[in-house]
Amino acid sequence: MAALRNTFVFCSRTIASGLTRSPLYNIRQSTARCLATGQYQHIITDTKGEKKNIGFIQLNRPKALNALCDALMSEVGQAVQQFEADKTIGCIVLTGGDKAFAAGADIKEMQGLDFAKVYGGGFLGQWTKVADCKKPVIAAVNGYALGGGCELAMMCDIIYAGDKAQFGQPEIALGTIPGAGGTQRLTHAVGKSKAMEMVLTGNRISALEAEKAGLVSKVFPADQLVNEAIKTAEKISSHSKLVVAMAKECVNTSYELTLKEGIHFERRIFHATFATEDRKEGMTAFSEKRAANFKDS
């Protein structure tokens, strides 16, 4: 019996040792550590605002102009999910550096891939985390937002730009096309003609041109950009998080439905707000001429 017990212990330790050395095990452990500590290799996370209720994500690969490698986008997705799960966070600000928000996807990482690998592996599939977030995300864009960088900015709900920012989809010059929403979101934002010009030529547009075309909400001096984004995020966060999420869903749904269907969807969500405590509080506070005290319920 003792021999059998010793054999079992030896096997258990061997299996455990093998799991520890497994690449998949190590990846999972690394991801768990990032989620637990908030420490990342390619991004910086923080909370901002007077009430510390703004999630802040800064892309941090300055030597590569914040090129969007797979590991960086994985970390962005993890950080977004963390802030989304945090009930104290009302809005997220996503930014890059002074020279580049993100100069594009990591071409060196993609160069050796083939159709079987990108199709079978669902390449770029994890990039949807920002667009799927229920909480509002504001992109604060300084410098280059090209290719995947422009696509990442368009995944956000609001884009603010520094006065030196540049936007573009230059994939055509590399013998490929945008693959993370560039041909779709850009067309929705600026219309078919402008989107065609940008996608087919690879030409860039300035921050002021982007604002004029409807791609960007506002343009600020570069050194004021992030603070202005945080101010807007604070105002959004002062409202009911529940109702903000409902309003965001309605605006996003307008892209998917006909006008008649969209108005019908909006009315149903409007009716649904009457089942919330925050709707009662908001209207009562207005009648009593005081600030509303929303409970996100």
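For the structure itself, consult the block above.
First things first, this report covers the structure right here in the doc. (Residues numbered from 1 in each chain as written. Predicted model: local features only at pLDDT ≥ 70, side-chain atom pairs only at ≥ 80, totals over all residues. Heavy atoms only, no water.)

1. Comments concerning the pairing of strand E5 (residues 137-141)
Inference 1: The buried fraction of E5 is high, at five of five residues.
Inference 2: Residues Val-137, Ala-139 and Val-141 point to one face of E5 and Ile-138 and Ala-140 to the other, with burial holding for every one of them.
Inference 3: Bridge count for strand E3 (residues 91-95) against E5 is four bridges, and the pairing is parallel. Note on E5: the bridge partner recorded for Ile-92 is Val-137.
Inference 4: As paired strands, E5 and strand E7 (residues 158-162) are joined by four bridges and run parallel to one another. (Buried < 20%, exposed > 50% of the residue type's maximum accessible area, 1.4 Å probe, protein only. Helix = DSSP H or I, 4+ residues; strand = E, 2+ residues; numbered from the N terminus. Pairing = 2+ DSSP bridges.)

2. Observations regarding the sheet that holds strand E6 (residues 144-146)
Inference 1: If you trace the four strands from one edge of the open sheet to the other, you get E4-E6-E8-E9, paired in mixed fashion. Edge positions in the sheet fall to strand E4 (100-102) and strand E9 (204-206), since each has one partner strand and no second. This sheet shows a mean twist of 20° between the axes of neighbouring strands, independent of strand direction.
Inference 2: Where E6 meets strand E8 (residues 166-168), three bridges bridge the pair, whose relative direction is parallel. If you follow Ala-145 over to E8, its bridge partner there is Phe-167.
Inference 3: The strands that helix H7 (residues 148-155) touches are E4, E6 and E8; relative to E6, the one it contacts most, it runs at about 90°. (Axes fitted to C-alpha atoms, helices over the stretch in contact; angles between N-to-C directions. Contact = heavy atoms within 4.5 Å.)

None of the figures reported here should be taken as evidence of function without further support.
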